[in-house]
Amino acid sequence: MQISARGDYAVRAALSLAQAYPALMSAQAIAQDQNMPRKFLEAVLADLRRAGVVRAQRGAEGGYTLSHPPRDVTIGQIIRAVDGPLAGVRGLRPEETQYTGAAENLPNLWVAVRAAVREVLDEVSLAELISGRMPAHVRKLTTRPDAWQPR
């Protein structure tokens, strides 16, 4: 799975907002906190606002905050808000793919890949990520001998 720059920035911005929750943060403050370009961040925040993940308040005392407590916002929600579905195959959802011959069972693999990604991204909240207390099955994945090795 490839995490786009947009997805990475969205999660990092949401983590900053989660840490400050329920206080408001300006786009400039988030950009400085996470060392990211403000203009790109503003586009990401607009996507998160349209998806209902964050809300914005205008004015001198304005800024952004999460729409829900950090324990209720998953990383999967954030990634979907800026990048769309977690697993796509040539623009299709895995269950929409169809193949013949030797590849006829490939949709089963694509659905399994999506399920595995969901098992991590949809089950880790912002609060858990900030605290470092992610679900046991997610922590266990990071302890596998090859987990930190590139392939």
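Residues numbered from 1 in each chain as written. Predicted model: local features only at pLDDT ≥ 70, side-chain atom pairs only at ≥ 80, totals over all residues. Heavy atoms only, no water.

If you look the chain up in an unreviewed UniProt entry, it shows as RrF2 family transcriptional regulator from Actinoplanes sichuanensis.

Colleague: Residues and numbers for the pairing of strand 2 (residues 63-66), please.
Modeller: Of the two faces of strand 2, both are covered, the one formed by Gly63 and Thr65 as well as the one formed by Tyr64 and Leu66. When strand 1 (residues 54-57) meets strand 2, the two strands line up antiparallel, connected through 4 bridges. For Val54, the partnering residue across the bridge sits in strand 2 and is Leu66. Once strand 1 ends, the chain turns through 5 residues before running back antiparallel as strand 2, passing Gly59 with a positive phi of about 110°. (Buried < 20%, exposed > 50% of the residue type's maximum accessible area, 1.4 Å probe, protein only. Helix = DSSP H or I, 4+ residues; strand = E, 2+ residues; numbered from the N terminus. Pairing = 2+ DSSP bridges.)

Colleague: Please provide a residue-by-residue account of the pattern of salt bridges, values included.
Modeller: Close approach of charged atoms lets side chains of opposite charge pair. One pass over the structure, following the stated rule, counts 7 salt bridges. Across the pair Glu42 and Arg38 runs a salt bridge whose closest N-O atoms are separated by 2.8 Å. One end of the pair, Glu42, and the other, Arg38, are both in helix 3 (residues 38-50), 4 residues apart, so they sit about a helical turn from each other. Overall, the relative accessible area of 25% leaves Glu42 in the partly exposed class. For Arg38, a relative accessible area of 34% translates into the label partly exposed. We note a salt bridge from Arg114 to Glu95, for which the minimum N-O separation is 2.6 Å. Residue Arg114 is located in helix 5 (residues 106-121), and its partner Glu95 is located in the loop between helix 4 (75-83) and helix 5; the two are separated by 19 residues in the primary sequence. Overall, the relative accessible area of 45% leaves Glu95 in the partly exposed class. Overlapping salt bridges bring together Arg6, Asp47 and Arg50 as one network. (Salt bridge = Lys/Arg side-chain N within 4 Å of Asp/Glu carboxyl O.)

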